[in-house]
Amino acid sequence: MGQHVLWGKPNVEILLRKSAKARRISLRISGLDGRVTLTVPKGVSEREGLKFARQKESWIRDQLLTRPNTVDVRFDATIPIQGEHIRIKPSAGRRVELFDEILHVPGSDETVGSKVRAWLKARARDQLAAASDHYAAQLGLGYARISIRDTRSRWGSCSSAKGLMYSWRLYMAPPEVLNYVAAHEVAHLKEMNHSPAFWTEVDELYPGYETPRRWLRDYGSDLHLYRFGD
């Protein structure tokens, strides 16, 4: 891998990646953070790859300009919580509380992001643990542990050691989306693949899973637009 720059206003950083599997030069702009990745097949020079990127410069800049803006989580910002848009307001209390469709957060504006993130993580863990327990009981299987992270490449995973991992940002999505992801990962306890048998298990655990799965595909990247002071 190598970092290169398309000079201009503004400069655009490009991550160049060599791939033995790629059959052609390709460009990808991440819907999560706007990172531009140039993939070059093995045997094609970096110079040729960068020439391709320069030829596509107008397209790259147009794509970056049309990306949604990120949202800094602070007082008066609105964030999704279980699919509902909730405004953040200061509170004289001692803890973060949600009532009257407002998220009340104590402390200064500088600490809002970290406090809201901790609150979301705690509730995500509770909801995902409950959902995982429910679906695992339906299968008659157990899992080893649950971990909650801020992953960008996947919403959940199931390891060969029966460890379940989820993104805490799922608590920002509608409840049916969180439940679908839990059912999906728990189904891997029985089928460690994405075969037809696996999808049969998912359908039995969560009938109608196609709708929340489509929501994640269409809107899931929007959940990563919210910045919590990272």
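The protein chain is annotated in an unreviewed UniProt entry as YgjP-like metallopeptidase domain-containing protein from Roseovarius albus.

Visitor: How would you explain the packing of helix α4 (residues 175–187) against helix α5 (residues 196–205) if you had to name every residue and give the values?
Guide: Interaxial distance between α4 and α5 falls to 9 Å at its minimum, and their mutual angle equals 135 degrees. For the element pair α4 / α5, the angle class is oblique. Crossing angle aside, the handedness with which α4 passes α5 is right-handed. Counting all contacts with α4, which are made through Y180, A183, H184, V186 and A187, the residues of α5 involved are F198, W199, E201, V202 and L205.

Visitor: Please set out the layout of surface pockets residue by residue, giving values where relevant.
Guide: By volume, the largest pocket is sized at about 480 Å³. Along the wall of the largest pocket there are 20 residues; nearest its centre are S153, R154, W155, G156 and L216. Listing elements by their share of the lining of the largest pocket, those giving two or more residues are β11 (156–158), α4 and α6 (210–219). If you tally residues by element for the lining of the largest pocket, the top one is α4, at four residues. Among the residues forming the lining of the largest pocket, the class breakdown is six nonpolar, nine polar and five charged.

Visitor: I'd like to hear about the side chain of T39, residue by residue, with values.
Guide: Inspection of the secondary structure puts T39 in strand β4 (residues 36–41). Relative accessible area serves as the criterion here: at 8%, T39 is assigned to the buried category. Here T39 is in contact with R17, S19, A22, R24, I25 and S26, once residues within four sequence places are set aside.

Cut-offs used in this document
- Residues numbered from 1 in each chain as written.
- Predicted model: local features only at pLDDT ≥ 70, side-chain atom pairs only at ≥ 80, totals over all residues.
- Heavy atoms only, no water.
- Axes fitted to C-alpha atoms, helices over the stretch in contact; angles between N-to-C directions.
- Helix = DSSP H or I, 4+ residues; strand = E, 2+ residues; numbered from the N terminus.
- Parallel < 35°, antiparallel > 145°, perpendicular 65-115°, else oblique.
- Left-handed = near helix turned anticlockwise from the far one by under 90°.
- Contact = heavy atoms within 4.5 Å.
- 1 Å grid on protein atoms, 1.4 Å probe; cavity = no way out; pocket = protein on both sides within 12 Å on 5 of 7 lines; lining within 4 Å.
- Points joined across faces, edges and corners; volume = space filled by probe spheres on them.
- Nonpolar A, V, L, I, M, F, W, Y, C, P; charged D, E, K, R; others polar.
- Buried < 20%, exposed > 50% of the residue type's maximum accessible area, 1.4 Å probe, protein only.

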